[in-house]
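Summary of the model geometry
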Amino acid sequence: MATIEDTMTMAAGNKLNDPALLRRRYAAERRFQMYGIAALGIAVFFLVVLFGSIIAKGWTAFLQTSIRLDVVLDPAEFRNADGEITDQSIRLADYTKMARKALQSALGLDNPSRPETRDMRALLSRGVDVQVRAAVEADRSLIGLTVPMWLLANGNVDALLKGAIDRDIPEDRRQLNDRQLGWIDKLAAEGRVEKHFNTGLFTFGASSQPETAGLGVALIGSFFMMLIVAVVAVPIGVAAAAYLEEFAPRNVFTDIIEVNINNLAAVPSIVFGLLGLAVFINFMGLPRSASLVGGLVLSLMTLPTVIIATRAAIRAVPPSIREAAYGVGASKMQTLFHHVLPLAMPGILTGTIIGLVQALGETAPLLMIGLVAFVVDYPTTPMDPATALPVQIYMWASSAERGFVERTMGATIVLLMFLFVMNAAAVYLRRKYERKW
Amino acid sequence: MEQIAVTTSIAPAPLIATPKVTARDVGVFYGAKQALFDVNLDIPRNSVTALIGPSGCGKSTFLRCLNRMNDTIPICRVTGEIELDGQDIHDRDLDVVELRARVGMVFQKPNPFPKSIFDNIAYGPRIHGLVRDRTHLEEIVTTSLEKAGLWREVKDRIHEPGTGLSGGQQQRLCIARAIATTPDVILMDEPCSALDPIATAKVEELIDELRQNYTIVIVTHSMQQARRVSQKTAFFHIGHLVETGDTEQIFDDPRDKRTQDYINGRFG
């Protein structure tokens, strides 16, 4: 490319509108545009590959295989020692046995051998007892009837139907043997095997079986943490930024604070995890694995982002508006609250949501404070043990079962959807509250 | 005709009879740099006083001393005394917010709030507690707009944003906003420099009308404008007040060589 000196000497030597010079200028502009388009193209390509592979591998997690079985709810099974049916006896009934019996009759096995029993049992999920019990507890009048139910199939059955288990590999290296394959084909031919939308992905807690593992606990945990970040980081961040911008004197002390806020924004997130471990858990004695501690750590991490975004938004309010307010006799506080903050609001909201999005996707600090836990029950308060969405992804990613691999990707899709929705909300809010002057 | 105030440090008696604003030995520092030196100036009531001079001469700085607008600049320091109706404006008992309600200001660039025309004007009276009820507020808004000569143009769209008006209308809206807090003095910092000639003519006409009820101090770069609208003129040059007097005298018979040169366009 021609340097400025070249261009100048050439221009000096030639007449003013030299066609060669003009051509070179146009060519340089075209080249520059091409670089831009190429850069954009590469970025879009990788984005498409990333999303494409995640969605291709993860979409099957939203479907789960169930088997329709006619479960005989024999009243005898529900009676306690006194021969009565009570809440207690219903809770304690052997639902796994009922489900297995139903499967046995569906397969037409009158007197199965021991290996046959083992193979047959392996077709059903371990979570079927919960399903049957829930149905009975919801409607007691079912007792004594034969009820058709869609019961969860084992993860291996699910994997086979999703094409993840290859029928051609030798039997001794396959998760399902030939007998089991035959049964599955038989059930499928009778229309007893179907893939349904996987609500369990959103409601179940931790489980060692992929078909009964879900994001329920992680979703609640992440929700609590977002709530805590919004309640803690946003007011503190906005107040700090407003004070620094509008009231604080400019001196060495505020300069140091300013530099350190910027430093804080660049501190690796795992360090915040260590801080949380030392301060919140060891010193203050808050419970481990609690979303409260996670929320506080994420708040600390989000604080600099909120402060920096708010300061930038406040600084972007034209000084003429402040002068106008002072000019009619508004005090500093009135100017800030009546004029500056409302005008800075779109910027503050955007910065805040970007901070929340960062916090939602953050994993490393949460590992330090024990949010990598096997939590089965829903947390009801922020003090209860919980996990977070990205941490759940991390935990599933380290499991070998085929069902967990697709769940890892499925959970990633869920997380990305949340991030996408929040970013869209940021754009929408900015557009909505943006005012012209 | 009164005595002409020249830059002296002698503590003087009133330069004119019953001035609205008196400035004595006013100096302004931006950090270590002095921008204004020992200004002694009396501003007569119910008249228009023009502050003229080349760019950077300190006329806007002086104007901003009169409602303590310079307080908002952290490194700025004002010395000397300024009295409004005989009361020291730097007095501890005088609240700066109250001062700014009494001394309204109109800026170089029209700067209406990004709110409705109504709210632009209602804002000042509201925060100063000058409003009894909704009817009273509407009355204040209407009167202010009428005084600023804007009522007929905007009466049908009073709840539309003030920023949607034309530049000249916006500036008159800013004047109406300043009037709404019932000030005695209105400071104008080059109010027409962002306006076209027709809008300028309207604003000048308005200034002439407002003179009946308000004391107006106007900073302007246009000597024609100073001549058209003002009764008194003060000429500033590199931080010093060089000459003050009746506008006619300043323009037709300046005493100082520097004033002469500036008026005749030899510098500035």
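Residues numbered from 1 in each chain as written. Chains lettered and ligands numbered in written order. Predicted model: local features only at pLDDT ≥ 70, side-chain atom pairs only at ≥ 80, totals over all residues.

1. A word on the overall build of chain A
The criterion, for reference: A helix here means a DSSP run of H or I that spans at least four residues, while a strand means a run of E at least two residues long, and both kinds are numbered starting from the N terminus. With C-alpha atoms as the basis for the radius of gyration, the globule rule is written as 2.2 Å multiplied by the number of residues raised to the power 0.38. With C-beta atoms placed from the backbone, the exposure class of a residue follows from how many other C-beta atoms lie within 10 Å of its own: 20 or more, buried; 12 or fewer, exposed; in between, partly exposed. Remark: residues whose backbone-derived C-beta atoms lie within 7 Å of one another are considered to be in contact.
Across its full length, chain A carries 19 helices and three strands. Computed over its C-alpha atoms, the radius of gyration of chain A comes to 31 Å, more than 25% above the 22 Å expected for a compact globule of 437 residues. For the C-alpha atoms alone, the extent of chain A along its principal axes is close to 100 × 60 × 40 Å. Out of the 437 residues belonging to chain A, those deemed buried represent 35%. By sequence separation, contacts in chain A at least 24 residues apart represent 76% of the contacts at least 6 residues apart.

2. Topic: the overall build of chain B
A tally of helices and strands in chain B yields ten helices and ten strands. A compact globule built from 268 residues would reach a C-alpha radius of gyration of about 18 Å, and chain B, at 18 Å, matches this within 12%. On the principal axes, the C-alpha backbone points of chain B span a range of 55 × 45 × 35 Å. Within the span of chain B, comprising 268 residues, buried residues form 46% of the whole. Partitioning the contacts of chain B with sequence separation of at least 6, the portion at a separation of at least 24 is 68%.

3. Details of the interface of chain A and chain B
The line we're drawing: Here the term charged refers only to Asp, Glu, Lys and Arg, the term nonpolar to Ala, Val, Leu, Ile, Met, Phe, Trp, Tyr, Cys and Pro, and the term polar to all other amino acids, Gly among them.
With 18 residues of chain A in contact, the opposing surface of chain B contributes 21 residues. For the side of chain A that touches chain B, the secondary-structure elements that each account for two or more residues are α15 (319–327) and α16 (332–361) of chain A. Ranked by residue count, the leading element in the side of chain A that touches chain B is α15 of chain A, at six residues. The class makeup of the residues in the side of chain A that touches chain B is eight nonpolar, six polar and four charged.

4. Topic: the sheet that holds strand β3 (residues 193–197) of chain A
Strands belonging to one sheet form pairs held by backbone hydrogen bonds; the direction of such a pair is parallel or antiparallel. All names here are of chain A. Convention followed: At least two DSSP bridges between two strands are required for those strands to pair. The axes used here are C-alpha line fits, helices contributing only the stretch in contact, and every angle between their N-to-C directions lies in the interval 0 to 180 degrees.
What the three strands build is an open sheet, ordered β2-β1-β3; its pairing is antiparallel. A single partner strand is all that each edge strand has here, and the edge strands are β2 (146–152) and β3. The mean inter-strand angle of the sheet, taken between neighbouring strand axes irrespective of direction, is 40°. One ladder, built from five bridges, connects strand β1 (residues 63–72) with β3; its direction is antiparallel.

5. Examining the domain arrangement of chain A
All names here are of chain A. Filter applied, for reference: Domain start and stop points were drawn from an automatic or database domain assignment.
For chain A, the assigned domains are domain 1 (4–59), domain 2 (63–202) and domain 3 (216–433). On a C-alpha basis, the centres of domain 1 and domain 3 stand 38 Å from each other. At the interface, four residues of domain 1 touch five residues of domain 3. Of the residues belonging to the side of domain 1 that touches domain 3, the class tally is two nonpolar, one polar and one charged.

6. With respect to the nonpolar core
What counts, and what does not: By convention in this section, buried Ala, Val, Leu, Ile, Met, Phe, Trp, Tyr and Cys residues joined through C-beta atoms within 7 Å make up a nonpolar core.
The biggest cluster of nonpolar side chains holds 76 residues, and the ones touching the most others in it are L51, A176, I186, L187, I216, V217 and I218 of chain B. Per-element tally for this core: the top contributor is helix α6 (residues 167–179) of chain B, with six residues. In this view, I218 of chain B contacts V48, A50, M188, P191, I207, V229 and S230 of chain B; residues no more than four positions away in its chain are not counted. Within the second largest apolar cluster, 65 residues are counted, among which are A218, F272, V375 and V414 of chain A.

7. Observations regarding unusual backbone geometry
Residues and elements named next belong to chain B. Of note, the phi angle at D85 is positive, near 50°, even though the residue is not glycine. Its place among the elements puts D85 in the loop between β4 (76–84) and β5 (87–88). For I238, which is not glycine, the phi torsion reads 30° and is therefore positive. With respect to the helices and strands, I238 occurs in the loop between β9 (232–237) and β10 (240–246).

8. Focus on the confidence of the model for chain B
Residues and elements named next belong to chain B. Keep this limit in mind: The predictor reports its confidence for every residue as pLDDT, a score running from 0 up to 100.
Across chain B, the average pLDDT comes to 87, with 94% of residues at or above 70. Low confidence marks residues 1–13, where pLDDT is under 50. Its contacts with residues over four positions away, or in another chain, come to 22 contacts. Prediction confidence for the complex, expressed as pTM and ipTM, is 0.80 and 0.86 respectively.

9. Quick look at helix α14 (residues 291–315) of chain A
All names here are of chain A. The following threshold applies: Here the expected length of a helix is defined as 1.5 Å per residue gap, with one fewer gap than residues. The term bend refers to the angle at a residue between two fitted axes, each drawn through seven residues, those ending there and those starting there.
With 25 residues, α14 extends 35 Å between its outermost C-alpha atoms, agreeing within 8% with the 36 Å of an ideal straight helix rising 1.5 Å per residue. The principal kink in α14, of about 35°, is found at T302, preceding the proline P304 by one to four residues. The buried count for α14 comes to 21 of 25 residues, which makes it a mostly enclosed element.

10. A look at the environment of L195 of chain B
All names here are of chain B. Note that L195 resides in the loop between β7 (185–189) and α7 (197–210). According to the C-beta neighbour criterion, L195 is buried, with 21 such atoms within 10 Å. Separated by 23 residues in sequence, L195 and I218 have C-alpha atoms that sit 15 Å apart. Filtering out sequence-adjacent residues up to four positions away, L195 remains in contact with G167, G168, Q171, T200 and V203.

11. A few points about helix α7 (residues 128–138) of chain A
Residues and elements named next belong to chain A. The condition is simple: This arc is built from the directions going out from the helix axis to the C-beta atoms.
Taken together, the buried positions of α7 are occupied by V128, Q131, V132 and V136. One side of α7 holds all its buried residues, which, seen down the axis, span an arc of 130°. Of the exposed residues in α7, the ones pointing more than 90 degrees away from its buried face are A134, E137 and A138. Contact partners of the buried residues in α7: β1, α4 (87–92), α5 (95–107) and β2.

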